[in-house]
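Results of the structural survey
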Amino acid sequence: MTESGAQSGPTALRIILGAHLRRMREAAGISRSDAGWEIRSSESKVSRMELGRVGFKERDVSDLLTLYGLDDGEERERLLSLARDANNPGWWHRFGDVLPSWFHSYLDLESAAQLIRTYELQFVPGLLQTPEYVRAVVQLGRGLIPAEEVERRVALRVNRQEILTRPDPVRLWAVVDESVLRRPIGGVKSMRLQLEHLLEMTHLPNLTLQVMEFEGGGHAATGGAYSILRFPEQDLPDIVYIEHLTSALYLDKIEDLDRYTATMEALCVAAPPPNKTRDIIARILRSYDD
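Residues numbered from 1 in each chain as written. Predicted model: local features only at pLDDT ≥ 70, side-chain atom pairs only at ≥ 80, totals over all residues. Heavy atoms only, no water.

As for the sheet that holds strand β2 (residues 171–177)
Taken in spatial order, the 6 strands line up as β3-β2-β1-β4-β5-β6 in an open sheet, and their pairing is mixed. Where the open sheet ends on each side, the last strands, each with one partner, are β3 (207–212) and β6 (248–251). Pairwise comparison of adjacent strand axes, ignoring direction, gives a mean angle of 15 degrees for this sheet. As judged from the 6 bridges shared by strand β1 (residues 115–120) and β2, these two strands associate in the parallel manner. Across the sheet, I116 pairs through a bridge with L172, a residue of β2. (Pairing = 2+ DSSP bridges. Helix = DSSP H or I, 4+ residues; strand = E, 2+ residues; numbered from the N terminus. Axes fitted to C-alpha atoms, helices over the stretch in contact; angles between N-to-C directions.)

Have a look at this one:
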């Protein structure tokens, strides 16, 4: 098992620990039913633990490690420490008042990712948005929002963006539809600032940005925006993330991953290469002077 790393949130840590416990149980030849009996629970509870879908009680993990025959004290302490960390809230917990409950898991996974590939056809990707652009986005369709709530939402987005510039940064590969860059969210001044910011961000070595131009016609991503997250830990499978208005989908079945990955590859091939992106953005930026 790889080191958990301080950057992983509780969702990612639960999945990592759960997968490790499953491998230990299977190696010991113990059924989920017997494991559930050992921790005074059920087979379904053990199943949820192994999938990382519930929190861990340190006592339960300790009892399971004993049942599975782990006698390495150092390894035992490491796994128990992982169980403790998996119950700690992420840094975004303090934004709970402005953060939908269904979005917590995504922030966990985003912070643990090694590579995020995303396709957007309405908004600039959140990790690349300016504060002015964020302010405009969070107020769309929501009527009058208190200024304090708006600023907290902006602060949350800015905090998320730190994963691009931390010592071990996430690699982001984004394909955006040209309409994203021509839709003046927040007005012309806000959009000019946003486009200038994108030009600056393209200098990051861990960012690849492509623009799907109108002249390219139709393309493979007929289903709308989505992201694919890849992780350094082998216990964390790739995940497709699709956000809706009041919920989100997390897909990790191999057939779904294959389909969405193939579509993303087709988008990257159909869009002008990354070395053309700055010219495209600069041309669109000049159009705001007309």
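After presenting the structure, the write-up continues.
Some remarks on the environment of L79
With respect to the element layout, L79 can be found in helix α5 (residues 73–86). Among the residues examined, L79 registers a relative accessible area of 0% and is labelled buried. Sequence separation of L79 and V61 is 18 residues, and the distance between their C-alpha atoms is 8.2 Å. (Buried < 20%, exposed > 50% of the residue type's maximum accessible area, 1.4 Å probe, protein only.)

Concerning helix α10 (residues 188–201)
Look at α10: 20 Å from first C-alpha to last across 14 residues, which is about the 20 Å you get at 1.5 Å a residue. Along α10, the residues classified as buried are S190, M191, Q194, L195, H197, L198, L199 and M201. Those residues of α10 hidden inside the fold are in contact with α7 (131–139), α9 (178–182), β3 and α12 (277–287). (Expected span 1.5 Å × (residues − 1). Contact = heavy atoms within 4.5 Å.)

Observations concerning the packing of aromatic side chains
Between two aromatic rings, the relevant description is the distance of the centres plus the angle of the planes. All chains considered together, the criterion is met by 4 aromatic pairs. Of the aromatic side chains, those joined through ring pairs into one cluster are F103, Y106, Y241 and Y250. A cation over an aromatic ring shows up here: R117 above the ring of W173, its NZ or CZ 4.9 Å from the ring centre. (Phe/Tyr/Trp six-rings, centres within 6.5 Å; stacked < 30°, edge-to-face > 60°. Lys NZ or Arg CZ within 6 Å of the ring centre and 35° of its normal.)

Regarding the packing of helix α1 (residues 10–28) against α5
With their axes 8 Å apart at the nearest point, α1 and α5 run at an angle of 145 degrees to one another. Two packed elements cross with a definite hand, and for α1 against α5 that hand is left-handed. Here α1 contributes P10, L13, R14, I16, L17, H20 and M24 to the contact with α5, which in turn contributes E75, L79, L82, A83, D85 and A86. Looking at the contact of α1 with α5 residue by residue, the class counts come to 9 nonpolar, 1 polar and 3 charged. (Left-handed = near helix turned anticlockwise from the far one by under 90°. Nonpolar A, V, L, I, M, F, W, Y, C, P; charged D, E, K, R; others polar.)

Description of the environment of H197
Tracing the backbone through its elements, the reader meets H197 in helix α10. A sequence separation of 58 residues divides H197 from E255, and the C-alpha atoms of the two residues are 37 Å apart. Those residues within four positions of H197 in sequence are excluded, and the remaining contacts are L128, Q129 and T130.

Examining the pairing of β1
Along β1, 6 of the 6 residues are buried, which leaves the element largely enclosed by surrounding structure. In β1, alternate side chains face the same way, and those of L115, R117 and Y119 on one face and I116, T118 and E120 on the other are all buried.

Re the side chain of T277
Note on placement: T277 falls in helix α12. Under the relative-accessibility criterion, T277 is labelled buried at 2%. Those residues in contact with T277 that sit more than four places away from it in its chain are L209, Q210 and V211.

Thoughts on the side chain of Q129
Mapped onto the elements, Q129 comes out in the loop between β1 and α7. Look at Q129 and you get buried, because its relative accessible area is 4%. Leaving out residues up to four positions away in the same chain, Q129 has contacts with F123, V124, V134, R157, Q161, Q194 and H197.

Regarding the nonpolar core
Membership of the largest hydrophobic core comes to 69 residues, with the highest contact counts inside it found for L128, L181 and L195. In terms of residue count, the dominant contributor to this core is α1 (7 residues). Residues contacting L195, with those up to four places away along its chain left out, are L181, I281, I284, L285 and Y288. Membership of the second largest hydrophobic core comes to 13 residues, among which are Y119, I228, L251 and A271. (Core = buried A, V, L, I, M, F, W, Y, C linked by side-chain atoms within 4.5 Å.)

Looking at the pattern of salt bridges
One pass over the structure, following the stated rule, counts 18 salt bridges. Of the charged contacts, one joins E26 and R22 as a salt bridge, the two residues approaching to 3.5 Å between their closest N and O atoms. Remark: R22 and E26 occur in helix α1; sequence separation between them is 4 residues, near one turn of the helix. Owing to a relative accessible area of 47%, E26 belongs among the partly exposed residues under this scheme. Taken together, the shared-partner salt bridges in this structure form one network comprising R25, R32 and E50. (Salt bridge = Lys/Arg side-chain N within 4 Å of Asp/Glu carboxyl O.)

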